[in-house]
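Structure assessment
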Amino acid sequence: MAGKPIEGEKRVFMTGNEVVAYGALAAEADIMYGYPITPQNEIMHYWTRMVPKYGKRFLQTEDELSAGFTTIGGVMAGKKAFTATAGPGNVLMQEPMSMAEAMRLPTVSIVQQRGGPSTATVIYSQQEVILTTMGGNGEGLRVVYSTATHQELFDYTIKAFNTAWKYRFPTFVLGDGYQAKMRESLTLYDPAGRGIELVPPQPLLGAPGVPGVDRPPAQYRNTYSMEEELAEVLAKNIADYEAVSGEISEWEESGTEGADLVIVAHGVVSRAAKLAARELRGEGIRIGYFRPVTLRPLPAARIRELAARAGSFLVVESSYGQFTRLLKEAAYGAAARMIPLFKPGVGVTAEEIVARARELLSWSMRGQSS
Amino acid sequence: MVDEGAKLVNIQPVMPKCWRADTKPHRFCPGCGHGLVLKALGEAVDDLDIAGRVVFGADIGCSLLAWDLFNLDSVQTHHGRTVPVITGLKRANPDLIGICYMGDGGGYAIGAQHLVGSAARGEKITVILVNNTQYGMTGGQMAPTTMPGQKTETSPFGRDPATTGAPMQGPEMVASITGEGAYVARGTVFNVRQLKGFIKKALANQMAGRGYSFVEALSLCPTNWRTDAAATWNMVNEVMPRYFKVGELKVPGETGGR
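Read on for a plain summary of the structure. Just so we're clear, the structure is a prediction, and the values are computed from it rather than from any experiment.

So, on to the overall build of chain A. Counting its regular elements, chain A contains 12 helices and 15 strands. Computed over the C-alpha atoms, the radius of gyration of chain A is 21 Å, within 12% of the 21 Å expected from 2.2 N^0.38 for a compact globule of 370 residues. Taken along the three principal axes of its C-alpha coordinates, chain A extends 80 × 50 × 40 Å. Looking at the 370 residues of chain A, the share that counts as buried comes to 51%.

Set out below in structure tokens:
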């Protein structure tokens, strides 16, 4: 068997799906379970080619329900297991991930968003935000990283395994078809070389010893007879989630100090938003840029602070307000208006954002002069 | 003089070693067949001395009530997903012995794709499917295994094969889509000794790494059948075998099965 897949650091130019496969290797993932759906397929393609070389495993399942539930079996056996999906596959994936939430199982799922609803396009969207953050019949006790660049796809794939095994909440890397399919430069690295310690997995079932003789049996269920039994479990899980939300949540911002208008976006759209803000600031215009990296848990405290100070958020997203809904909940009671730039199912350019921001700025100046 | 009556009251039923005493009596309805199937399974686990390697997967419906019945590691899921959960576990750690315990609704209806997929791939797992001809936990609706003319809550005038099909032949289907190393049998709670033998062979087949192993157990549901003791036994001994043939369908090394 070959040694480490990545020695030291290496500059590469590759597609996002290939980056994810390398990220999973760097994170020392053991096994992938998957079912074909565009635009995530190449994650499986690259993983299956690396399987023999690095002693990994792969199972192609009969559907995404099975891909999710086999991933659950893999983590319960004590292995770093993951899956990848998109669109209607992500819809099916919510059933197993609800169980992962119920049992606090450290699954890792990569989601490469495609157009919706239903099968729509295989290309791109940001329409799986509500589904990935709040999907299933639960309370959204999960972690969702929304990546913007290939470097982040690599960084957060590694981080997703650590977060999942450290906090024991199902964890998602939310990408999209653009990130999946385009090629971009990034640096692959051995996490140890950057001082990143990998959280080791542990068996939840089948640990050494005879149950009932050497140790109590490990028994997991997702069905309860009494309301009170369930309430007790939920109260504990919700308290655990809230206690760590602050340290899990991440964001990026610039120029928000004293800015009346803040452009807010996530994922690949945040690249256009960042560029637009930079261009306008180059002209001496005061404008902020804010991007949550974690959509669950959302950096709610920071959003509330900004919303209390800024006049308006220009919220840009490739869906019809799914991201805005999360922001509104976080900012509830704060004064900022949420002005939409929604392009459901299609990409957004920096030029469009700049044009919209100029309109808003000229209105507000007109408002001041009258 | 010894009070024979008092002595009898103090006699405890013999439980398999791998059962948990602290979760007894179990939670199944009086007269339910699950206890018999689970006793056969427990004795098979005892005989093979594999308690330290078994992971017991229970499904939803009445089978979920077995989640803490054994002194075995266990995971309870729903809708036939116990098959992919145990498949994923076995793939990740092939040293474990994976058991999927579920009903006819989970296995043949809502989770049928998992049964088909896992059987066709020849997963090295053991599936024990309890056939009591209807959905028990949800209150006695028609299942894929409901027999022609049988009254259920969703076939109140009797199942009509012309509009709702014939009883699902699970083991026959599994036998036809599995490879040579598969073990497939149909037992019955009417003959627990034979059923235990089938379950033991199914587990041994997994341990030998030969292939898929599948046992359907014909079982009882007097609650939803609304039958007394005599009619319940008649149902499993006389009526069900007209549609479900008891015996081994596929035994590795034996061509054509039995």
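Now that the structure is up, let's keep going.
This part is about the sheet that holds strand β13 (residues 294-296) of chain A. Residue and element names in this part refer to chain A. Strand order across the open sheet formed by seven strands is β3-β2-β4-β5-β7-β6-β13, with mixed pairing between neighbours. Bordering the open sheet on either side are β3 (57-60) and β13, each of which pairs with just one other strand. Adjacent strand axes in the sheet meet at a mean angle of 20° when their direction is disregarded. Note that strand β6 (residues 143-146) and strand β7 (residues 171-176) share four bridges and pair parallel. When the sheet's bridge partners are listed, Ser146 is paired in β7 with Leu174. Packing of helix α6 (residues 150-167) onto the sheet brings it into contact with β5 (108-113), β6 and β7, and relative to β7 it is tilted by some 160°.

The next subject is the packing of helix α2 (residues 34-48) of chain B against helix α8 (residues 192-207) of chain B. All names here are of chain B. The contact between α2 and α8 brings their axes to 9 Å, and the two run at 50°. The angle between the axes of α2 and α8 places the two elements in the oblique class. Seen along the crossing, α2 lies across α8 with a hand that is right-handed. Contact with α2, carried on its side by Leu36, Val37, Ala40, Leu41, Glu43, Ala44, Asp47 and Leu48, involves Val192, Leu195, Lys196, Ile199, Lys200, Leu203 and Ala204 of α8 and no other residues of that element. Classifying every residue of the contact of α2 with α8 gives 11 nonpolar, no polar and four charged.

Moving on, we come to the nonpolar core. One finds Ile263(A) and Ile128(B) to be the most contacted residues of the largest nonpolar core, which totals 175 residues. It is α6(A) that contributes the most residues to this core, eight residues altogether. Here this core spans two domains, since at least three of its residues come from each of domain 1 (9-194) and domain 2 (251-369) of chain A. When sequence neighbours within four positions are dropped, the list of residues in contact with Ile263(A) reads Ala273(A), Ala276(A), Ala277(A), Ile287(A), Gly288(A), Tyr289(A), Leu314(A), Val316(A), Ile353(A) and Ala357(A).

Residue and element names in this part refer to chain A. Where helix α1 (residues 16-26) meets helix α2 (residues 41-54), the axes come as close as 8 Å, and the angle between the chain directions of the two elements is 35°. As α1 runs across α2, the sense of the crossing is right-handed. Seen from α1, the contacting residues are Asn17, Glu18, Val20, Ala21, Ala24 and Leu25; seen from α2, they are Glu42, Ile43, Tyr46, Trp47, Met50 and Tyr54. For the contact of α1 with α2, the class distribution of residues is nine nonpolar, one polar and two charged.

Residue and element names in this part refer to chain A. With six of six residues buried, β7 is to be regarded as a mostly interior element. Side chains Thr171, Val173 and Gly175 project from β7 onto one buried face, and the interleaved Phe172, Leu174 and Asp176 project onto a second face that is buried too. Strand direction decides the pairing type here: β5 and β7, joined by six bridges, are parallel. Bridge pairing links Gln113 to Asp176 in β7.

Across the boundary between the two partners, chain A contributes 35 residues, which contact 30 residues of chain B. At the level of secondary structure, the elements contributing two or more residues to the side of chain A that touches chain B comprise β2 (31-34), β3, α3 (64-76) and β9 (219-220) of chain A. When residues of the side of chain A that touches chain B are assigned to their parent elements, the largest contribution, nine residues, is made by α3(A). When the residues that make up the side of chain A that touches chain B are grouped by side-chain class, the tally is 16 nonpolar, 13 polar and six charged. Here β9(A) pairs with strand β2 (residues 73-76) of chain B via two bridges, running parallel.

A few words on the sheet that holds strand β15 (residues 337-342) of chain A. All names here are of chain A. Taken in spatial order, the five strands make up an open sheet running β10-β12-β11-β14-β15, and their pairing is mixed. Whereas interior strands pair on both sides, the edge strands pair on one side only; in this sheet they are β10 (251-254) and β15. Each adjacent strand pair in this sheet contributes to an overall mean axis angle of 20°, direction not counted. Taken together, the four bridges between strand β11 (residues 261-264) and strand β14 (residues 312-317) define a ladder with parallel strand orientation. Opposite Val262, over in β14, you have Phe313 as the bridge partner. Each of β10, β11, β12 (287-292) and β14 is contacted by helix α9 (residues 269-282), which is oriented at about 165° to β12, the strand it contacts most.

Rules and cut-offs
Residues numbered from 1 in each chain as written. Chains lettered and ligands numbered in written order. Predicted model: local features only at pLDDT ≥ 70, side-chain atom pairs only at ≥ 80, totals over all residues. Helix = DSSP H or I, 4+ residues; strand = E, 2+ residues; numbered from the N terminus. Rg over C-alpha atoms; globule rule 2.2 N^0.38 Å. Buried ≥ 20, exposed ≤ 12 C-beta atoms within 10 Å, placed from the backbone. Pairing = 2+ DSSP bridges. Axes fitted to C-alpha atoms, helices over the stretch in contact; angles between N-to-C directions. Contact = placed C-beta atoms within 7 Å. Parallel < 35°, antiparallel > 145°, perpendicular 65-115°, else oblique. Left-handed = near helix turned anticlockwise from the far one by under 90°. Nonpolar A, V, L, I, M, F, W, Y, C, P; charged D, E, K, R; others polar. Core = buried A, V, L, I, M, F, W, Y, C linked by C-beta atoms within 7 Å. Domains from an automatic or database assignment.

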